[in-house]
Amino acid sequence: IRHIPLDDKKSFELMASGHTSGVFQLESSGMRDVLRGLKPDSFEDIIALVALYRPGPMENIPTYVACKHGEQKPDHLHEKLLGTLEETFGVIIYQEQVMEIARVLSGYSLGSADLLRRAMGKKIQSEMDAQREIFVNGAVDNGVDKGQASGIFDLVAKFAGYGFNKSHAAAYALVAYQTAYLKANFPVEFM
């Protein structure tokens, strides 16, 4: 199972059809609806979906789907963040993206960015106020408009409390994909 291709057409057709009963992480009725709308065609889509399909981030699923299908233009928040948010169509999905936004936009070290991520998760107002000042001032020093920097901080803070670690999502997505692969290619044995 560790050597199956991660681009199996039958597996993605199965997921896009929503016929994922018995498939790890992808079998609830709501998830099946999302799969039919998303029509995943890459392993990265499954990783993103596993991270998004939870209270909080779920509200970003329609944006992710619309941008993936070209129905909506992705909003990368700032030109400096294109590389950070391009893979997820401008939607902040992973904790690593929160850290990278702080690093790229505001000059945080990765250690400081991790402290920011943790502070946002705890939502302690005094810590948030201090981090807002560091973030906005760093962004302004980096040529970003103060109002835009403050708005990006608000978006990042809103997301960070629900953020999912990408490697965690990838591990879940791999088992989801493997079970979809087995169901699509070996349905009798799978059932």
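See the structure printed just above.
Residues numbered from 1 in each chain as written. Predicted model: local features only at pLDDT ≥ 70, side-chain atom pairs only at ≥ 80, totals over all residues. Heavy atoms only, no water.

Below, the discussion takes up the packing of aromatic side chains. Taken as a whole and assessed by the stated rule, the structure comprises seven aromatic pairs. A ring pair is formed by Phe24 and Tyr172, whose centres lie 5.6 Å apart and whose planes are at 50°; its orientation type is tilted. Of this pair, Phe24 sits in the loop between α1 (9-17) and α2 (29-38) while Tyr172 sits in helix α10 (residues 166-185), and the two are 148 residues apart along the sequence. A relative accessible area of 32% places Phe24 in the partly exposed class. Ring centres 5.1 Å apart and planes at 75° place the aromatic pair Tyr64 and Phe89 in the edge-to-face group. (Phe/Tyr/Trp six-rings, centres within 6.5 Å; stacked < 30°, edge-to-face > 60°. Helix = DSSP H or I, 4+ residues; strand = E, 2+ residues; numbered from the N terminus. Buried < 20%, exposed > 50% of the residue type's maximum accessible area, 1.4 Å probe, protein only.)

Moving on: α10. With 20 residues, α10 extends 27 Å from end C-alpha to end C-alpha; this agrees with the ideal 28 Å at 1.5 Å per step. The elements touched by buried residues of α10 are α1, α3 (43-52) and α11 (187-190). (Expected span 1.5 Å × (residues − 1). Contact = heavy atoms within 4.5 Å.)

A word on the pattern of salt bridges. What the rule picks out here adds up to ten salt bridges. Taking the shortest distance from any N to any O, the salt bridge between Glu100 and Arg103 comes out at 2.6 Å. Of the two residues, Glu100 and Arg103 are both situated in helix α6 (residues 95-106); the distance of three residues between them amounts to about one turn of the helix. Among the charged side chains, a salt-bridge network with shared partners connects Asp41, Asp45 and Lys68. (Salt bridge = Lys/Arg side-chain N within 4 Å of Asp/Glu carboxyl O.)

Bear in mind that shape data such as this cannot, by itself, settle questions of function.
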